[in-house]
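Secondary and tertiary structure notes
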Amino acid sequence: MIRLFDTLSKRYRLFPTKSRNKCPEARSHLKIFICGPTVYDYCHVGHARVFLFYDLVARYLRSAGVSVVFVMNITDIDPKISVRAKQYGDTPKKFSDKFSLQLYTDLSLLGVTGISFARVSDYIPMAKKLALKLVKKGAAYSLNGNVYLDTNKIKSFGRMSAITKGRLKNMRLDIAPGKRSPADLLLWNTADLIGYKYNDRILGSGFPTAHLQDLSVIVALFNGTYQLHGGATDLVYPHHESLLGQLVTLTSLKSPVRCWTHVGLLMSEGSKMSNSLGNAIPIRKILRRYNRNVIRLYFLSEHYRKAVHFSTSAIERLEKLDRRILEIVSVVRTTGDIAKGDEDPVTMQSFKGHIENDFDTIGILKMLTKIADDGRPSANFLEILQILGLDY
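Residues numbered from 1 in each chain as written. Predicted model: local features only at pLDDT ≥ 70, side-chain atom pairs only at ≥ 80, totals over all residues. Heavy atoms only, no water.

**Some thoughts on the sheet that holds strand β6 (residues 140-143)**
Within the open sheet, the four strands sit side by side as β6-β7-β8-β9. Their pairing is antiparallel. Edge positions in the sheet fall to β6 and β9 (207-208), since each has one partner strand and no second. The pairing of strand β8 (residues 185-189) with β9 spans two bridges and is antiparallel. Counted as the bridge partner of tryptophan 188 is proline 208 from β9. Packed onto the sheet, helix α5 (residues 124-136) meets β6, β7 (146-149), β8 and β9 and runs at close to 100° relative to β6. (Pairing = 2+ DSSP bridges. Helix = DSSP H or I, 4+ residues; strand = E, 2+ residues; numbered from the N terminus. Contact = heavy atoms within 4.5 Å. Axes fitted to C-alpha atoms, helices over the stretch in contact; angles between N-to-C directions.)

So, in structure tokens, the structure goes:
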């Protein structure tokens, strides 16, 4: 059983695997949705941390016999895209198309596989439908042509981020005169001219914001219920709070998502790594300096929920381990000695123990280091490397 920390309940959720449990959930599809990037620039190393963690989650589940449906949205409707496109004399669509292709290239360079992509612009009809449905259910309201999520009507709002109702009253997001609460969130925007306009007879000419965009993909593909939602910790509030509130309203389920998981931020120069802050290091730039196995080892060296300060010296310390693993794998493939040995149940049991304990990658890295130091891999060694996405 895999233990994963749920940000909403602040408890661990258990996920069965086929190899250990024959229950129906293990035999059915396990659905994962992660919030992907806004495609207005090259993806950076902070994005890579999120991509690589959920790639590891999917790899392990699949290796354990679980059928995984892994979807990542691509935000191709956003003011940042419009501003940047205008600077380069391009249309928002052409500009987002260009950087969507760059995203696919970056994921390939990292060795991330098995993801289905959903561009939010493909789900506009669903966004319109859901905006109207939320208004009809009383969870959203129309104001000056825009549609806002009424956070006071969402009982769960604030639970995930542990923000009290009193503090929520002082949260000033999507500022507009006449809002019922300063914390209410914009869902359908008719006011801003950013190069996107989708006409609707009732809603008017506008576009869905990120909160409604992601909801539309989730409802269209998963009917609003699934097992695992992921993203970076900075998405907990307000984005994931808004998604939870909308999903609870639409599905009438208390827990439409089994587990909300969040990856710690990658920090750079005292702030989170971000293209908008100007402190980002593109994925392809770091991969020109270090190979992708070293980058994977680097992120294995810290627990996924912990914020990490980006450090090239920490990466370089792992180059020795990378070279040693390569030497061992090369010897094994040349001599075939590993094929003569028996599988080591202790090694595999230790590996599973770490990975099923909320993805204790620090323990896994220590195990790999010991194997590298001893120079005596078991027959499971190559299998373990494959699950970790380490390609030698």
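From this point, things continue past the structure.
**Here we look at the packing of aromatic side chains**
Evaluated as defined, the whole model comprises 16 aromatic pairs. Connected via pairs of aromatic rings, a cluster forms that spans Tyr42, Tyr88, Phe95 and Phe99. Taking the ring centre of tyrosine 12 as reference, the NZ or CZ of arginine 3 above it sits at 3.9 Å. (Phe/Tyr/Trp six-rings, centres within 6.5 Å; stacked < 30°, edge-to-face > 60°. Lys NZ or Arg CZ within 6 Å of the ring centre and 35° of its normal.)

**Notes on the pattern of salt bridges**
On inspection of all chains with the given rule, the structure shows 17 salt bridges. Between aspartate 76 and arginine 119 there is a salt bridge, with the nearest N and O atoms lying 3.1 Å from each other. Separated by 43 residues along the polypeptide, aspartate 76 in the loop between β4 (67-74) and α3 (79-87) and arginine 119 in strand β5 (residues 116-119) bring together distant segments of the chain. Its relative accessible area of 3% is what places aspartate 76 among the buried residues. The salt bridge involving aspartate 358 is made with arginine 305; its shortest N-O contact spans 2.8 Å. One end of the pair, aspartate 358, is in the loop between α14 (345-355) and α15 (361-374); the other, arginine 305, is in the loop between α10 (292-300) and β14 (308-309), and 53 residues separate them in sequence. Classification of aspartate 358 by relative accessible area gives buried; the value is 2%. (Salt bridge = Lys/Arg side-chain N within 4 Å of Asp/Glu carboxyl O. Buried < 20%, exposed > 50% of the residue type's maximum accessible area, 1.4 Å probe, protein only.)

**What to know about the packing of α10 against helix α12 (residues 319-335)**
Following both chains from N to C, one finds α10 and α12 inclined at 120°, their axes separated by 9 Å at the closest point. For the element pair α10 / α12, the angle class is oblique. For the crossing formed where α10 meets α12, the hand is right-handed. In this structure, α10 uses Asn293, Val294 and Leu297 to contact α12, whose residues at the interface are Glu319, Leu321 and Asp322. (Parallel < 35°, antiparallel > 145°, perpendicular 65-115°, else oblique. Left-handed = near helix turned anticlockwise from the far one by under 90°.)

**Brief notes about the sheet that holds β4**
Within the open sheet, the five strands sit side by side as β5-β4-β3-β10-β11. Their pairing is parallel. Each end of this open sheet is capped by a strand with a single partner; those strands are β5 and β11 (257-263). Averaged over all pairs of adjacent strands, the angle between their axes in this sheet comes to 25°, without regard to strand direction. Of the strand pairs in this sheet, strand β3 (residues 29-34) and strand β10 (residues 226-232) are connected by three bridges, and their pairing is parallel. If you follow isoleucine 34 over to β10, its bridge partner there is glycine 230. Packing against the sheet, helix α7 (residues 210-222) makes contact with β3, β4, β5 and β10, and its axis sits at approximately 165° to β3.

**Observations regarding the nonpolar core**
Core analysis: the biggest nonpolar cluster contains 129 residues, and Phe351 and Phe359 have the highest contact counts within it. Here this core takes 12 residues from helix α2 (residues 45-63), the largest share from any one element. Setting aside its immediate chain neighbours within four residues, phenylalanine 359 contacts Ile2, Leu4, Phe53, Leu56, Val57, Tyr60, His303, Tyr304 and His354. (Core = buried A, V, L, I, M, F, W, Y, C linked by side-chain atoms within 4.5 Å.)

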